[in-house]
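# Observations on chain architecture
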Amino acid sequence: MKKYIYALFIVATHFFYAQEENTKWTGSRPDGHAPISVMGDHTHGKGEVMFSYRYMYMNMEDLNRGSENVPFSNALRPNDVYMVTPTSMPMNMHMLGMMYAPSDKITLVAMVNYLSSEMDHITAMGGTFTTESSGFGDTKISALYKFFNKNKQQLHAQAGISIPTGSIDKMDIIPASAPNQVILPYPMQIGSGTWDTELALTYLKQWNIISYGAQARTTLRIGENDNEYRLGNKYSFNNWLAVKAADWLSFSGRVELGAIDKIEGTNPALNPMMVITADTANSGMTYANAGLGLNLYAFKGSLKDLRLGFEAAVPLFQNMNGVQLRTKETLTLGLQYAL
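What counts, and at which threshold
Residues numbered from 1 in each chain as written. Predicted model: local features only at pLDDT ≥ 70, side-chain atom pairs only at ≥ 80, totals over all residues. Heavy atoms only, no water. Helix = DSSP H or I, 4+ residues; strand = E, 2+ residues; numbered from the N terminus. Polar contact = N/O pair within 3.5 Å; in protein donor to acceptor, adjacent residues only side chain to side chain. Contact = heavy atoms within 4.5 Å. Core = buried A, V, L, I, M, F, W, Y, C linked by side-chain atoms within 4.5 Å. Buried < 20%, exposed > 50% of the residue type's maximum accessible area, 1.4 Å probe, protein only. Pairing = 2+ DSSP bridges. Salt bridge = Lys/Arg side-chain N within 4 Å of Asp/Glu carboxyl O. Phe/Tyr/Trp six-rings, centres within 6.5 Å; stacked < 30°, edge-to-face > 60°.

Topologically, N113 is positioned in strand 4 (residues 106–123). In this structure the side chain of N113 is engaged in a polar contact, spanning 3.2 Å, whose partner is the backbone oxygen of D138. Leaving out residues up to four positions away in the same chain, N113 has contacts with M93, H94, M95, G135, F136, G137 and D138.

See the structure below:
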């Protein structure tokens, strides 16, 4: 009789712990990670390591004055003070990341990136030209702290710094300077030039085939860089919903609200009346965008825990200070592999 009671106790104990484990939010589902464009969305268990690669393409075209689309002539003399306006700016970014969890509560994160941009321009006289810049951007390191993971819910915070490894002195030739190079305006620089603080708070919730996430994030610029300016602080609030279509596939929808402050200070090497991107009055904005994405997840086999994510995002609205290029579409593709 004692043997039967003991066996029943063992079975009940295993059942209890299995149920307890099942009440936790888990990353071992295709929707266990946020859309690939969202950073710092998940944590890891003690000893786990994850490597990631992301490619992002963002295209900017046409002009907004405030929230209204305007022709290029609206920003040029004699209608305005500027001699030159950009017409488009495609940007490519490659990001390499690593996450390591020294404990169940803490996950460490490091990320480096490489950017390349082109900016097409038109002058008040009708001429056109293109400038280019590329290089490694600012390096980001941070720590995630998990407050709780129960009832299929998780709450964690992120705190980190952005190290100014990206250049703020990129130069190129423009028609008025040929054959000499001149320093490029603010949007064509690779880095911020300042040590910045990055903070985020993320909430996650899972059901049987649906998951939800919300993340508030800010980047706070500290001090002034060597070129006598500081980029604007950034604020964003992301919400996403994902549906697990199969053990290996999920689809997601995301909406983001955000704001970017104006640039503080000015680079004395730039003439703010030459081109709209050299005038700090044309910086900062509020915006909303929406994205649709998918995650492919290897839940078994030799590629177990390999995840492929894709998202396409477009703006819902953009209300800009002054006159600026409009964001058109943003495409993000990424691979994540956990060990």
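Position of I190 relative to the elements: it lies in the loop between strand 9 (181–183) and strand 10 (196–206). Taking the C-alpha atoms as reference, I190 lies 21 Å from M98; in sequence the two are 92 residues apart. Apart from the residues within four sequence positions on either side, I190 is in contact with L115, S133, S134, G135, F136, G137, G166, S167 and K170.

Next up on the list: the nonpolar core. In terms of nonpolar packing, the biggest core is built from 20 residues, with L63, M89, M91, M93, I276, V323 and L325 touching the most fellow members. Each residue touching I276, except ones within four places of it in the same chain, is listed here: L63, A75, Y82, V84, T85, P86, N282, V323 and Q324. Counting residues in hydrophobic clusters, the runner-up holds twelve residues, among them V84, F129, I263 and V275.

What follows covers the pairing of strand 6 (residues 139–150). Alignment of strand 4 against strand 6, held across six bridges, turns out to be antiparallel. Bridging across to strand 6, M111 finds its partner in K140. Alignment of strand 6 against strand 7 (residues 153–163), held across eleven bridges, turns out to be antiparallel. The residue bridging L144 from the neighbouring strand is Q158, located in strand 7. As consecutive antiparallel partners, strand 6 and strand 7 are separated by two residues, and within that stretch N151 has a phi angle of approximately 50 degrees, a positive value.

What follows is about the pattern of salt bridges. Evaluation of the coordinates by the stated rule reveals eight salt bridges. Its salt-bridge partner being D196, residue R221 comes within 2.6 Å of it at the nearest N-O pair. With R221 in the loop between strand 11 (210–220) and strand 12 (229–230) and D196 in strand 10, this pair connects stretches of sequence that are 25 residues apart. Residue classification places D196 among the buried positions, given a relative accessible area of 1%. One salt-bridge network, held together by shared partners, links R254, E256 and E311.

According to the stated counting rule, one finds three aromatic pairs in the structure shown. Aromatic pair Y114 and F136: ring centres 5.1 Å apart, planes at 80 degrees, arrangement edge-to-face. Here F136 lies in strand 5 (residues 128–136) and Y114 lies in strand 4, a separation of 22 residues in the sequence. The class for Y114 is partly exposed, based on a relative accessible area of 31%. With 5.3 Å between their ring centres and 75 degrees between their planes, Y145 and F147 make a pair best called edge-to-face.

Let us now look at the pairing of strand 13 (residues 234–246). With ten bridges connecting them, strand 11 and strand 13 associate as antiparallel partners. Counted as the bridge partner of Y212 is L241 from strand 13. Here strand 13 runs beside strand 14 (residues 249–260); their pairing, made up of twelve bridges, is antiparallel. Its bridge partner being in strand 14, N239 is matched across the sheet by V255. Connecting strand 13 to the antiparallel partner strand 14 that follows it, the hairpin turn spans two residues.

With respect to the helices and strands, T123 occurs in strand 4. Sequence-distant contacts of T123, defined by excluding residues within four places in its chain, comprise L76, M83, V84 and F129.

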